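Architecture at a glance
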Amino acid sequence: MLMRFEPFREFERITEEMLAERRVRQVPVDAYRRGDQIKVDLDLPGADPGTIELTVEKDDLTVRAARTPQREEGDEVLVAERGHGQFSRQLFLGESLDRDHISAIYHDGVLTVTIPVAEQAKPRKVEITHVGSVAQAVEAATTSTN
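Residues numbered from 1 in each chain as written. Predicted model: local features only at pLDDT ≥ 70, side-chain atom pairs only at ≥ 80, totals over all residues. Heavy atoms only, no water.

Regarding the pattern of salt bridges
Any two side chains of opposite charge can pair, so long as their charged atoms come close to each other. In the structure shown here, the tally under the stated rule is two salt bridges. Residue aspartate 36 pairs with arginine 33 through a salt bridge whose shortest N-O separation is 3.8 Å. A relative accessible area of 38% means that aspartate 36 is categorised as partly exposed. You can call arginine 33 partly exposed: its relative accessible area is 48%. (Salt bridge = Lys/Arg side-chain N within 4 Å of Asp/Glu carboxyl O. Buried < 20%, exposed > 50% of the residue type's maximum accessible area, 1.4 Å probe, protein only.)

Have a look at this one:
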């Protein structure tokens, strides 16, 4: 499992954002499995690549980035709808993922994080021995409780 929903934590985050003068904006995410990898796409349009930070600590993967306004002194702001400042997103990594081989690439405003599925979580064949017959390999499915 990649992410879990914690309603009280989410409620607390929203409340803090509403009350804070300088809020940290949450980054939109798409996550999908491709073969033996989990791919996570995070939207960071206009983020300075030097500010993007990806950290893994135990079961938490955290992405932080910043976007600064491109205004100069004396500019008169007519409309300001684009978010600026700090952006972050925290994902919870399940036990079935290989935290030691995570990689990431930033291209066209999207940070793509690749997380391999751990070897012990991949499906494998288990040999079944039948009395009085030849052993046959059958594919066994693993079930996860995450």
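Some thoughts on the pairing of strand 8 (residues 110-116)
With respect to burial, strand 8 is a largely interior element, six of its seven residues being buried. Where strand 3 (residues 37-43) meets strand 8, seven bridges bridge the pair, whose relative direction is antiparallel. Its bridge partner lying in strand 8, isoleucine 38 is registered against isoleucine 115. Judged from the five bridges that link them, strand 7 (residues 103-107) and strand 8 form a sheet pairing that is antiparallel. Residue pairing for strand 8: histidine 107 is matched across the bridge by valine 110. If you look at the hairpin formed by strand 7 and strand 8, you'll find two residues sitting between the two strands, and aspartate 108 has a positive phi there, around 55°. (Helix = DSSP H or I, 4+ residues; strand = E, 2+ residues; numbered from the N terminus. Pairing = 2+ DSSP bridges.)

Some points on unusual backbone geometry
Residue lysine 58 is not a glycine yet carries a positive backbone phi of 55°. Checked against the element boundaries, lysine 58 lands in the loop between strand 4 (53-57) and strand 5 (60-67). Even without being glycine, aspartate 108 reaches a positive phi, approximately 55°. The exposed category is assigned to aspartate 108, whose relative accessible area is 68%.

Some details on the sheet that holds strand 2 (residues 29-34)
The antiparallel open sheet is built from four strands, whose spatial order is 2-3-8-7. The sheet terminates laterally at strand 2 and strand 7, the two strands that pair on one side only. Sheet twist, expressed as the average angle between the axes of neighbouring strands with direction ignored, equals 20°. (Axes fitted to C-alpha atoms, helices over the stretch in contact; angles between N-to-C directions.)

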